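Each chain is listed here by its residues.
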There are 2 protein chains.
Amino acid sequence: MAQKVKLSTIAETLGVSTATVSLALRDSPLVAVSTRDRIKEQARALGYIYNRRAASLRTSRSGIIGVIVHDIMNPFYGEILKAIESELDRSQYTFILSNHYDSVEKQRNFIETMLQLGGDGIIMSPAIGSPPEDLELAEENGMPVILVARTIDGVTLPGFRGDDSYGISLATNHLISLGHKVIAMVGGTDQTSTGRDRYQGYVNALRKADIEVLPDLRIPGPRTRQGGFEAAVHFLSLPQKPTAAVCWNDLVAIGLMNGIARAGLVPGVDISVTGYDDLEEASIATPALTTVWNGQSEVGRLAARALLDRLAGSHDPDGLHLIKPEMRIRQSTGPLKPRR
Amino acid sequence: MAQKVKLSTIAETLGVSTATVSLALRDSPLVAVSTRDRIKEQARALGYIYNRRAASLRTSRSGIIGVIVHDIMNPFYGEILKAIESELDRSQYTFILSNHYDSVEKQRNFIETMLQLGGDGIIMSPAIGSPPEDLELAEENGMPVILVARTIDGVTLPGFRGDDSYGISLATNHLISLGHKVIAMVGGTDQTSTGRDRYQGYVNALRKADIEVLPDLRIPGPRTRQGGFEAAVHFLSLPQKPTAAVCWNDLVAIGLMNGIARAGLVPGVDISVTGYDDLEEASIATPALTTVWNGQSEVGRLAARALLDRLAGSHDPDGLHLIKPEMRIRQSTGPLKPRR
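It should be emphasised that the depicted structure is a prediction, and the values quoted were computed from it without experimental measurement.

Caption draft 1: Examining the overall build of chain A more closely. A tally of helices and strands in chain A yields 12 helices and 12 strands. Principal-axis analysis of the C-alpha atoms places the extent of chain A at approximately 90 × 35 × 35 Å. The buried share of chain A, reckoned over its 340 residues, is 55%. Expressed as a percentage of contacts within chain A between residues at least 6 apart in sequence, the contacts between residues at least 24 apart total 72%. A total of about 14,700 Å² of accessible surface is found on chain A, and carbon and sulfur atoms cover 51% of it. Across chain A, the centroid of the 36 positively charged side chains sits 2 Å from that of the 38 negatively charged ones.

Caption draft 2: Main features of the pattern of salt bridges. Counted according to the given criterion, the structure contains 34 salt bridges over all chains. B:Asp164 is paired through a salt bridge with B:Arg161; the nearest N and O atoms lie 3.4 Å apart. A single burial state applies to B:Asp164 and to B:Arg161, both of which are buried. Among the ionic contacts, a cluster of salt bridges with common partners joins A:Arg161, A:Asp164, A:Asp197 and A:Arg198.

Caption draft 3: Summary view of the interface of chain A and chain B. Each partner contributes to the interface: chain A provides 36 residues, whereas chain B provides 36 residues. When chain A packs against chain B, close to 3,300 Å² is buried across both sides, 52% of that on carbon and sulfur atoms. Among the residues chain A hides against chain B, the three largest losses belong to A:Met73, A:Tyr101 and A:Ile284. Together they make up 19% of the total. One can count four salt bridges joining chain A with chain B. For the interface between chain A and chain B, the tally reads 21 residue pairs in polar contact (both at pLDDT 80 or more). Sorting the residues of the side of chain A that touches chain B by element identifies helix H5 (75-88), strand E2 (94-99), helix H6 (104-117), helix H10 (225-236) and helix H11 (250-262) of chain A as the ones contributing at least two each. Residue composition of the side of chain A that touches chain B, grouped by class: 16 nonpolar, 11 polar and nine charged.

Caption draft 4: Focus on the relation of the copies chain A and chain B. When chain A is fitted onto chain B, the two copies agree to an RMSD of 0.2 Å after a turn of 180° and an axial shift of 0.1 Å. In symmetry terms, the pair is related by a two-fold rotation axis. In this assembly, 100% of the residues forming the interface of chain A have copies in chain B that are likewise at the interface, indicating an isologous arrangement.

Caption draft 5: Summary view of the pairing of strand E5 (residues 159-162) of chain B. Residues and elements named next belong to chain B. Neither face of E5 is open: one carries Gly 159 and Arg 161, the other Phe 160 and Gly 162, and all of them are buried. In terms of strand pairing, strand E4 (residues 145-148) meets E5 through two bridges, oriented parallel. Across the sheet, Val 148 pairs through a bridge with Phe 160, a residue of E5. Direction of pairing for E5 relative to strand E11 (residues 320-323): parallel, over a ladder of four bridges.

Caption draft 6: Quick peek at the sheet that holds strand E9 (residues 272-274) of chain A. Residue and element names in this part refer to chain A. Pairing is parallel across the open sheet formed by four strands, whose spatial order is E7-E6-E8-E9. In this open sheet, the two strands that pair with only one neighbour each are strand E7 (218-219) and E9. Summarising the sheet, strand E8 (residues 244-247) and E9 pair through three bridges and their orientation is parallel. The residue of E9 that forms the bridge with Ala 244 is Ser 272. Contacting strand E6 (183-186), E8 and E9, helix H8 (residues 164-177) runs over the sheet at an angle of about 170° to E8.

Caption draft 7: The packing of aromatic side chains, seen in detail. Residues and elements named next belong to chain B. Counted by the stated rule, this structure contains six aromatic pairs over all chains. When the ring of Tyr 93 is compared with that of Phe 95, the centres are 6.4 Å apart and the planes differ by 55°; the resulting orientation is tilted. Just as Tyr 93 is buried, Phe 95 falls in that class too. With centroids separated by 5.8 Å and ring planes inclined at 35°, the aromatic side chains of Tyr 199 and Tyr 202 adopt a geometry described as tilted. Residue Tyr 199 and its partner Tyr 202 are located together in helix H9 (residues 193-208), separated by three residues, close to a single helical turn. Directly above the aromatic system of Tyr 166 lies the positively charged group of Lys 324, at a separation of 4.2 Å from the ring centroid.

Caption draft 8: Examining the sheet that holds strand E6 (residues 183-186) of chain B more closely. All names here are of chain B. Here we have four strands laid out as an open sheet, ordered E7-E6-E8-E9, and parallel in their pairing. Strands with a single pairing partner mark the edges of an open sheet, and in this sheet they are strand E7 (218-219) and strand E9 (272-274). When E6 meets strand E8 (residues 244-247), the two strands line up parallel, connected through four bridges. Bridge pairing in E8 places Val 186 opposite Cys 247. Sheet strands touched by H9: E6, E7 and E8. Its angle to E6, the strand with the most contacts, is close to 175°.

Caption draft 9: A look at the environment of A:Leu311. One can find A:Leu311 in helix H12 (residues 296-311). Those residues in contact with A:Leu311 that sit more than four places away from it in its chain are A:Leu23, A:Arg61, A:Tyr93, A:Asp120 and A:Pro144.

Caption draft 10: Molecular detail of the domain arrangement of chain A. Each domain of chain A was delimited in the assignment, giving domain 1 (7-50), domain 2 (60-162 + 296-323) and domain 3 (164-294). Taking the mean C-alpha position of each, domain 1 of chain A and domain 3 of chain A sit 55 Å from one another.

Caption draft 11: A look at the nonpolar core. In this structure, A:Ile72 and B:Ile72 are the most contacted members of the largest nonpolar core, which totals 60 residues. Those residues within four positions of A:Ile72 in sequence are excluded, and the remaining contacts are A:Tyr77, A:Gly78, A:Leu81, A:Leu97, A:Asn99, B:Ile72, B:Met73 and B:Leu97. If you look at the next biggest cluster of nonpolar residues, it comprises 37 residues, including B:Leu175, B:Ala244, B:Ile271 and B:Tyr276.

Caption draft 12: Focus on H9(B). Taking 1.5 Å of rise per residue, 16 residues should cover 22 Å, and H9(B) covers 22 Å from first to last C-alpha, within 8% of that figure. Residues of H9(B) that are buried include every one of B:Thr194, B:Gly195, B:Arg198, B:Gly201, B:Tyr202, B:Val203, B:Ala205 and B:Leu206, and no others.

Caption draft 13: Highlighting H12(A). Taking 1.5 Å of rise per residue, the 16 residues of H12(A) would be expected to cover 22 Å, and the 22 Å separating its terminal C-alpha atoms lies within 8% of that figure. Looking one or two places after H12(A), you find A:Gly313, whose phi comes out positive at around 105°.

Caption draft 14: Quick look at the side chain of B:Arg225. On the secondary structure map, B:Arg225 appears in helix H10 (residues 225-236). A polar contact of 3.3 Å, which involves the side chain of B:Arg225, links it to the side chain of A:Glu281. When near neighbours in sequence (up to four residues on either side) are disregarded, B:Arg225 contacts A:Arg225, A:Glu281, A:Ile284, B:Leu251, B:Val252, B:Gly255 and B:Glu281.

Criteria and cut-off values
- Residues numbered from 1 in each chain as written.
- Chains lettered and ligands numbered in written order.
- Predicted model: local features only at pLDDT ≥ 70, side-chain atom pairs only at ≥ 80, totals over all residues.
- Heavy atoms only, no water.
- Helix = DSSP H or I, 4+ residues; strand = E, 2+ residues; numbered from the N terminus.
- Buried < 20%, exposed > 50% of the residue type's maximum accessible area, 1.4 Å probe, protein only.
- Contact = heavy atoms within 4.5 Å.
- Areas by Shrake-Rupley, 256 points an atom, 1.4 Å probe, with all protein chains shown as cover.
- Lys, Arg positive; Asp, Glu negative; His and termini not counted.
- Charge placed at Lys NZ, Arg CZ, Asp CG, Glu CD.
- Salt bridge = Lys/Arg side-chain N within 4 Å of Asp/Glu carboxyl O.
- Buried area = accessible area lost by both parts, 1.4 Å probe.
- Polar contact = N/O pair within 3.5 Å; in protein donor to acceptor, adjacent residues only side chain to side chain.
- Nonpolar A, V, L, I, M, F, W, Y, C, P; charged D, E, K, R; others polar.
- Least-squares fit on C-alpha atoms with pLDDT ≥ 70 in both.
- Pairing = 2+ DSSP bridges.
- Axes fitted to C-alpha atoms, helices over the stretch in contact; angles between N-to-C directions.
- Phe/Tyr/Trp six-rings, centres within 6.5 Å; stacked < 30°, edge-to-face > 60°.
- Lys NZ or Arg CZ within 6 Å of the ring centre and 35° of its normal.
- Domains from an automatic or database assignment.
- Core = buried A, V, L, I, M, F, W, Y, C linked by side-chain atoms within 4.5 Å.
- Expected span 1.5 Å × (residues − 1).

Structural data, given as structure tokens:
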């Protein structure tokens, strides 16, 4: 029995990727005509028998893209999804979405469902504690995985997110430049890499300005409007009397501003508040929210491009891509007022 | 060759459903022991051969529930989804979600994907113009479909939504009772059954109070915060000078209030605004939003129950179930002020 020539053998002899060989043999326009010809010639020379049916089974695209995140109802993820959909062209793909609510088990079920379906690829914001094997499961079965918003230690998949430490330091520096010295950090958790990065950005900015870091000024909590609203009472009763709040995200900031307004104070005048993300609703909040653009649209667009590149056979470039956040100064922050 | 005895034959001779027969032969606890025994006896009497493998293929549950709506990032759908997930127990099912953006084609792709997956069932808010055949496709292949938020003429599937005409009339009556006579209706479309029902509820309430219906006071537009925010300019420049707005939903109302506040007017004092849905954020808006509870949690819970009933073999009760909306009076509405 003659030994079967594998795609990888052709690839190795030519110094190209297996995916490129596979695409070339199917006459994909993604491979340059000259390269296609070279690959086909080599395939013939090596006696490669092209099994059309197997190739179709192996390479047929289902047109299904999976997206799994913590909670798609969070507009931060919603805006990433919109950018993915717009880049990948809604009409060509069926997007299936799922929430993992940070359950590794739900995330694994989703990956398995996508494999069953022959999905083209997965874009995910991994659950806290994701074991690298779960992501490798998809990759090893020919289904590329792209990470957004969060990354996992020890995983070298392409990943796209904002530079959180830098972004929060922008917001903190802005408040310091307005004269604020007692600045609380409201909302979110320190359990994720994002959380630790953001807290560190806040701490670094304070230290650089020689402002004492008071642990009591860190008020963790849900990353929601409701969480910010409920934090207002705690915030306003702190003995240190903060004059400004760096919020975890825009939702927390909008909730906090509403809570502050209920207490008869004017956000942006009596208390300065910064958000994070620059959601669509940040600019239409009252007062318009000073916040940090976190590049959701860029994260979604780049992740979609990376997935298309993977589907076209590229395995470059891998690893984390940090998007540089930018300050958006609006009406919710103002100069320090004389002591209340 | 002996004619094969079908499940439906057993069902007919006993006057029970085919699903009940199927469940009984698999010893499902969902069928009373006495009924199970009666069915098994009849099956033996008719010479029914139970093909365990075929039965497993036919009845095995994938644990996958599909949810497809216009746009899951709209918190109205988000709250329905949360209720579905909580009723069906997140840990037991993998939920796959999709947005159809009112594309019948995207919706059909999703149904086909679910069929491919052997999904347990679909809960959907159908796309505008959905052909009944597309929903029947799922049903005929043993995958139950439950409708939420919207219904389709000529389709008798179980459906759950709020009574829109009644709900909007509650909001309109509330404003009339506060002395308002020039009341605009802001946001949304009159292209859907929901839209026509809501407009009709507004018109009916005005007519009942002998208030003239002015077509210029209907300002259609996107059902989003941004849509409401942008409508403020048009609203404030109407020659009829409306003193109140009945908004399509809470998002539009919150956007409109922000737009009104930017123009230097105080929502709830200078202009009364009502929302619709009673989203979580309605009560924490500033001012807290007077709105109509639209029963999202009930819609989700009942739809999930209906799906479980279907999966247990029940085909009763079908058709539309209207949930009675309720008024939630907060701070965004107040008595008519003397003419500006």
